[in-house]
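# Residue-level structural notes
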Amino acid sequence: MRKPTRDNSGGTPGTMTQTFSYDATDLNIVEQLRLNGRANNQQIAEKLGLTATTVSTRIKRMEDADQLRVVAVSDFTAHGFNVLLRISVQVDGRPASEVAAELAALPEVFATHLVTGRYDIDMLVALHDFDDLSQFLLDDLSGIRGIRSLTPAVVVDIIKYKFDVAPIAGRSGVTKGGEG
């Protein structure tokens, strides 16, 4: 298995590029963490036929290479958020990245994306109920300079919400390998 390397020889000056290669053991560890983010290294090791040290080393290597982050995610409705919105934003007279940064700072906004196409920014917003909608749209967003237009869409049903999946299994950097 190739170890992650950092290289300053190309790209933007002052930035570092990184090469990382997953193998089957890495993917199995990630899968175990997806199934149970509370599992400790020993539990994962027992399920995979590895040592706890190997699991710990692999997790640390993936974290150090910015390829893995173990986080907790809570349910919107468990915290009283019953309205989800997708809002597309057109920007005028100001860089979209600056407007997006201000939008991202609003506590109701849980995702902000710079996008291509008709709109400049897409964002996802969680509100407690519809009574919060007019204040958010008319008061909170109107204070942000550079917004030309907003196109809000209320989420009526969530068909798929897979926050925990990055498509690493299909990457060309995945190699077959054993315990390392």
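First things first, this report covers the structure right here in the doc.

Each helix and strand counted, the protein has five helices and six strands in total. For the protein, the sequential pattern of α-helices and β-strands runs β-β-α-α-α-β-α-β-β-α-β. Residues classed as buried in the protein amount to 29% of the 180 residues present. A sequence separation of at least 24 residues applies to 65% of the contacts in the protein between residues at least 6 apart. Roughly 11700 Å² of accessible area belongs to the protein as shown, and the carbon and sulfur atoms make up 50% of that amount.

This part is about a nonpolar patch on the surface. Residues F110, V155, I158 and Y161 make up a contiguous nonpolar surface patch of roughly 350 Å² in combined accessible area. Assignment of secondary structure puts Y161 in the segment after β6 (147–154).

The strands making up a sheet associate through backbone hydrogen bonding, with each pair oriented either parallel or antiparallel. The four strands are arranged β4-β5-β3-β6 in an open sheet whose pairing can be described as antiparallel. Every other strand in the sheet has two partners, leaving β4 (109–114) and β6 as the edge strands with one partner each. Adjacent strand axes in the sheet meet at a mean angle of 20° when their direction is disregarded. Where strand β3 (residues 83–91) and strand β5 (residues 121–127) come together, seven bridges link them in antiparallel fashion. Note that in β5 the partner of L85 across the bridge is V125. Relative to β4, helix α4 (residues 96–104) is tilted by about 170°, and along the sheet it contacts β3, β4, β5 and β6. The strands touched by helix α5 (residues 133–140) are β3, β4, β5 and β6; relative to β5, the strand with the most contacts, the crossing angle is about 140°.

Our focus in this paragraph is unusual backbone geometry. Look at D66: it is not a glycine, yet its phi comes out positive at around 55°. With respect to the helices and strands, the residue D66 is situated in the loop between α3 (52–64) and β3. Look at D66 and you get exposed, because its relative accessible area is 64%.

Now for the packing of helix α1 (residues 24–35) against α3. Remark: α1 packs on α3, axes separated minimally by 10 Å, with the N-to-C direction vectors making an angle of 90°. Compared by their axis directions, α1 and α3 come out roughly perpendicular. Contacts between α1 and α3 involve T25, D26, I29, V30 and L33 from the first element and V55, R58, I59, R61 and M62 from the second. Classifying every residue of the contact of α1 with α3 by side-chain character gives six nonpolar, one polar and three charged.

Moving on: the pattern of salt bridges. Close approach of charged atoms allows side chains with opposite charge to pair. Enumeration over the complete set of coordinates arrives at seven salt bridges. E98 is the salt-bridge partner of R94, the closest N and O atoms lying 3.3 Å from each other. Taking relative accessible area as the criterion, E98 reaches 39% and is therefore assigned partly exposed. The closest approach of N and O atoms between R94 and E102, which form a salt bridge, is 2.3 Å. Among the ionic contacts, a cluster of salt bridges with common partners joins D23, D26, R58 and R61.

Proteins that are soluble and globular tend to have nonpolar side chains buried together. I87, L103, M123, V125, F136 and L141 are the most contacted members of the largest nonpolar core, which has 19 residues in total. At the level of elements, β3, α4, β5 and α5 are the ones that each hand at least two residues to this core. Considering each element in turn, this core owes the most residues, five residues, to β3. The residues contacting L141, other than those within four sequence positions of it, are I87, L103, L106, M123, F136, I147 and L150. A39, L50, M62 and L68 belong to the second largest nonpolar core, which has 15 residues in total.

About the cut-offs
Residues numbered from 1 in each chain as written. Predicted model: local features only at pLDDT ≥ 70, side-chain atom pairs only at ≥ 80, totals over all residues. Heavy atoms only, no water. Helix = DSSP H or I, 4+ residues; strand = E, 2+ residues; numbered from the N terminus. Buried < 20%, exposed > 50% of the residue type's maximum accessible area, 1.4 Å probe, protein only. Contact = heavy atoms within 4.5 Å. Areas by Shrake-Rupley, 256 points an atom, 1.4 Å probe, with all protein chains shown as cover. Patch = residues over 30% accessible without salt bridge, like charges linked within 9 Å, V, L, I, M, F, W, Y side chains within 5 Å. Salt bridge = Lys/Arg side-chain N within 4 Å of Asp/Glu carboxyl O. Pairing = 2+ DSSP bridges. Axes fitted to C-alpha atoms, helices over the stretch in contact; angles between N-to-C directions. Parallel < 35°, antiparallel > 145°, perpendicular 65-115°, else oblique. Nonpolar A, V, L, I, M, F, W, Y, C, P; charged D, E, K, R; others polar. Core = buried A, V, L, I, M, F, W, Y, C linked by side-chain atoms within 4.5 Å.

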